[in-house]
Amino acid sequence: MRRPIEEVLQSPEGTEVEVWGWVRNVRRHGKLIFLDLRDASGIVQVAVKGGVAEDSALRVAESLRRESSVKVTGTVKLDERAPSGVEIRCKRIEVISLAEEDYPIRPKIGPKKLYDYRHLHLRSPKIASLMRIRSNLLEAFREFFRSRGFVEINCPSIITAAVEGGSTLFEVNYFGKKAYLTQSVQFYQEAAIFGLERVYSIQPSFRAEKSRTTRHLSEFWHIEAEISFADLNALMDVVEEMVNYVVNRTAETSYREIKSLNRSVRTEEVERPFPRIKYAEALEILERRGVRTYWGIDLGADEERVISTEFERPVFVTHFPKEVKAFYHKVDEEDPRVTLSADLLAPRGNGEIVGGGVRIDRYDQLIERIYQFGLDPKDYSWYLDLRRYGSVPHAGFGIGVERVLKWILDLPHVRTACLFPRTPTRVTP
Ligand code: 4AD
Ligand code: MG
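Scope of this entry: the structure provided in the associated data block. (Residues numbered from 1 in each chain as written. Chains lettered and ligands numbered in written order. Predicted model: local features only at pLDDT ≥ 70, side-chain atom pairs only at ≥ 80, totals over all residues. Heavy atoms only, no water.)

A word on helix α6 (residues 186-196). Within α6 the residues assigned to the buried category are Gln 186, Phe 187, Gln 189, Glu 190, Ala 192 and Ile 193. Two residues or fewer after α6 comes Glu 197, characterised by a positive phi angle close to 70 degrees. (Buried < 20%, exposed > 50% of the residue type's maximum accessible area, 1.4 Å probe, protein only. Helix = DSSP H or I, 4+ residues; strand = E, 2+ residues; numbered from the N terminus.)

Quick look at the structure:
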């Protein structure tokens, strides 16, 4: 019977075991051949020794190449020279599929090639650990939302009108008509709150941005939520509780994986409360730190880096000017130059991880903003309808999964957090 390697590593000496997996490497010393065998649960050393193993096993072991898939039968031997302290003394090997000789992932392969061969490279235990952490993080988000009465909804990705401005839309030929891949499912969520009040979605968003930064993907996983009757403070409270919860929870559930990556999650960074500053104060910080600014400047990666390093916690920047935020943002009645918006910047220069705010809930104000942005109200007719039939104040936000992982695991680039990244220079594999 097949056993996971993880279990073999815990078994007493002498236990007969059968493991199925992939050969990470082969070391030949005449009539003694060592294999490192990998399955999803771990890696174990297999010793194939003349006289102990069946003759056929020795012949098979001699012919094996990296990444061949095999079934190994043998007995557990505690051996402190083995990397995990345990070795399988091989009796029999059955080849499931012999790998070809030219497995392209070799030592000293460059980073570009590793992404060219991502379909093979992702068998590496490091990437597997990262993907487990990612899975646990998504689970934590779901736990959080469920515990707060949010309903998960699934929205279309093919749309006809921009959410976040027209310049980053990917066009789709939709049966001869022009359509786009969505940048955000916010508008559908806004429709859904009239029946469900609190909703969230976990799905990809698309941005045709040519940005070659370490934090931009053309396709990223977007967690978005929309809340009826929420104002800006209520929104920030939810975001703060959520970030605090998911980081702590992931640190807990991914303890082993994080350790195997030689990382540690700094949970003290998410202790509440998170500081909240207005855009105007952010400009003051920048000026003080020698960054030239003017009212109406959008905060890009460089500015965000400076601001976030002023704080040990994630920091909310609120009340952005109208000019730098999308048309749907509600204007602050106390200061009509600014919107009721909030971005959350992660510490240590990581910059924006959350974007959100209060939505315009009045028809006349929304249509005015649509005209001011030079948009066509016909494109937004169903969105405008939401303001015609029992509109209510509401607010929401979006958070990028890969940006959160980059921050909490100190990754060099958001693409590291993807199974198959999509960037301006990469759509394959
Ligand atoms: O700030 P953004 O553009 O906001 C929206 O899309 C809103 N409609 C969300 C909402 O209120 N429902 O994007 C939200 C977050 C960003 O803070 C960032 O974490 C992530 O999505 N994000 C990206 N992540 C990776 N690559 C990109 N190109 C990203 N663009 C945004
Ligand atoms: Mg944003």
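Geometrically, the link from Arg 272 to Pro 273 is a cis peptide bond, its omega value of 0 degrees lying close to zero. Mapped onto the secondary structure, Pro 273 falls in the loop between α8 (255-260) and β12 (276-278). At Arg 348, a residue that is not glycine, the phi angle is positive and equals roughly 55 degrees. Checked against the element boundaries, Arg 348 lands in the loop between β16 (341-346) and β17 (351-358).

All right, on to the sheet that holds β12 then. Sheets are built from strands paired through backbone hydrogen bonds, the pairs being either parallel or antiparallel. With mixed pairing, eight strands are arranged side by side in an open sheet as β6-β10-β11-β18-β17-β16-β13-β12. The outermost strands of the open sheet, each flanked by one partner alone, are β6 (151-152) and β12. Pairing of β16 with β17 involves six bridges; the strand directions are antiparallel. Residue pairing across strands places Asp 343 opposite Gly 355, the latter belonging to β17. Of the strands in this sheet, β6, β10 (198-206), β11 (219-228) and β18 (394-400) are in contact with α6, which crosses β11 at around 35 degrees. (Pairing = 2+ DSSP bridges. Contact = heavy atoms within 4.5 Å. Axes fitted to C-alpha atoms, helices over the stretch in contact; angles between N-to-C directions.)

In the vicinity of ligand 1, 23 residues are found, and the nearest of them are Glu 164, Gln 186, Glu 224, Glu 352 and Ile 353. A distance of 2.7 Å separates a nitrogen atom of ligand 1 from a polar side-chain atom of Glu 164. Compared with its free state, where it exposes 620 Å², ligand 1 has 94% of that area covered by protein. Put simply, the parts of the chain that give the shell around ligand 1 at least two residues each are β11, β17 and β18. At five residues, the largest contribution of residues to the shell around ligand 1 is made by β17. Partitioning the shell around ligand 1 into residue classes produces six nonpolar, nine polar and eight charged. (Near = heavy atom within 4 Å. Polar contact = N/O pair within 3.5 Å; in protein donor to acceptor, adjacent residues only side chain to side chain. Areas by Shrake-Rupley, 256 points an atom, 1.4 Å probe, with all protein chains shown as cover. Nonpolar A, V, L, I, M, F, W, Y, C, P; charged D, E, K, R; others polar.)

Using the criterion set out here, one finds one cavity of 30 Å³ or more in the structure. By volume, the largest cavity is sized at about 30 Å³. Along the walls of the largest cavity sit Arg 215, Asn 350, Glu 352, Ile 353, Arg 403, Lys 406 and Trp 407, which together make up its complete lining. For the lining of the largest cavity, the elements supplying multiple residues, two or more each, are β17 and α13 (401-409). If you tally residues by element for the lining of the largest cavity, the top one is α13, at three residues. (1 Å grid on protein atoms, 1.4 Å probe; cavity = no way out; pocket = protein on both sides within 12 Å on 5 of 7 lines; lining within 4 Å. Points joined across faces, edges and corners; volume = space filled by probe spheres on them.)

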